[in-house]
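Coordinates in review
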Amino acid sequence: MSPSSPLTLEVLQQKLKEWKGCDLAKNAKPVLGEGNPHAAVMFIGEAPGQKEDELGRPFVGAAGQFLNTLLTSIGLKREDVYISNVVKYRPPENREPEPIEKEQCMPWLMLEIALIKPKVIVPLGRHSLGHFIIDKTITESHGKAFKISEECTIFPIYHPAAALHNGNLRQTLEQDFQALGTFLKTNGYLAPTL
């Protein structure tokens, strides 16, 4: 690749495969985001799990299946949005990512955001939220829109995996997705259903 080649998601994917700047890369496959490269909405989780590591794709395990259901509930499909994670490799035993791992992988996520140029970023859970809104917890900010610039709004939602582990969060997650759907329709990012 020549130095003047434009950066694309495909080039980013290739470069991530070659990158060894995170200790997690020693024992896990790189998992870059996927979806519509022109998506108005970008969902960002925390890190790949076992299924994601096996398949090299984000959100394909149980949490991903639930995310698909939630997307469908507001008239979206995976192909309509872009889905990624803060950390690009599965932490051992699916443990929570450590601050250094999030810091090491953050440039990759920022490049994805720069290429996608989403109008709405949906952090899924506290690990993702902390990179966009540092003074609020997921508990106090979920289901609400925070305009961070003229071009972008942050709309935090609990991680789908949280509802799989804690059934009490399922209804909250479903309500938050309905609020997201309303926000997207109101702002012209989602066609109203007839």
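The structure presented is a predicted model; accordingly, all values stated were derived computationally and were not measured. (Residues numbered from 1 in each chain as written. Predicted model: local features only at pLDDT ≥ 70, side-chain atom pairs only at ≥ 80, totals over all residues. Heavy atoms only, no water.)

1. Re the pattern of salt bridges
Here is the rule we go by: Salt bridge, as used here: a side-chain nitrogen of Lys or Arg that lies within 4 Å of a carboxyl oxygen of Asp or Glu. The helix count covers DSSP runs of H or I at least four residues long, the strand count covers runs of E at least two residues long, and both are numbered beginning at the N terminus. Accessible area is worked out with a 1.4 Å probe on protein chains only. A residue is then buried under 20% of its type maximum, exposed over 50%, and partly exposed in between.
Overall, the coordinates contain nine salt bridges when judged by the stated rule. Notably, a salt bridge pairs Arg-78 with Glu-34, separated by 3.1 Å at the nearest N-O pair. Taken as a pair, Arg-78 in the loop between helix H3 (62–73) and strand S3 (82–85) and Glu-34 in strand S1 (residues 34–35) lie far apart in primary sequence, 44 residues in all. When its relative accessible area of 23% is taken as the criterion, Glu-34 is described as partly exposed. For Lys-51, the salt bridge is made with Glu-54, and the minimal N-O distance between the two is 3.8 Å. Note that Lys-51 and Glu-54 are positioned in helix H2 (residues 50–55) at a spacing of three residues, about one turn of the helix. Overall, Lys-51 belongs to the partly exposed group, its relative accessible area being 41%. Overall, the relative accessible area of 40% leaves Glu-54 in the partly exposed class. Salt bridges linked by common partners bring Glu-34, Arg-57 and Arg-78 together as one network.

2. Quick look at the side chain of Arg-78
Test applied: We call two N or O atoms a polar contact when they sit within 3.5 Å, provided that within protein one can donate a hydrogen and the other can accept it, with sequence-adjacent residues counted only if both atoms are side-chain atoms. Contacts are residue-level and defined by heavy atoms, with any inter-residue pair within 4.5 Å sufficient.
For Arg-78, a relative accessible area of 14% translates into the label buried. A polar contact is formed between the side chain of Arg-78 and the backbone oxygen of Pro-58, at a distance of 2.8 Å. Excluding residues that lie within four positions of it along the chain, Arg-78 makes contacts with Glu-34, Gly-35, Arg-57, Pro-58, Phe-59, Val-60, Gly-64, Asn-68, Leu-71 and Ile-83.

3. Considering unusual backbone geometry
Positive phi, close to 60°, is recorded for Glu-93, a residue that is not glycine. For Glu-93, the location among the structural elements is in the loop between S3 and helix H4 (99–116). If you check the backbone angles, Lys-117 has positive phi at about 55° while not being a glycine. Within the fold, Lys-117 resides in the loop between H4 and strand S4 (120–123). The class of Lys-117 is exposed, set by a relative accessible area of 60%.

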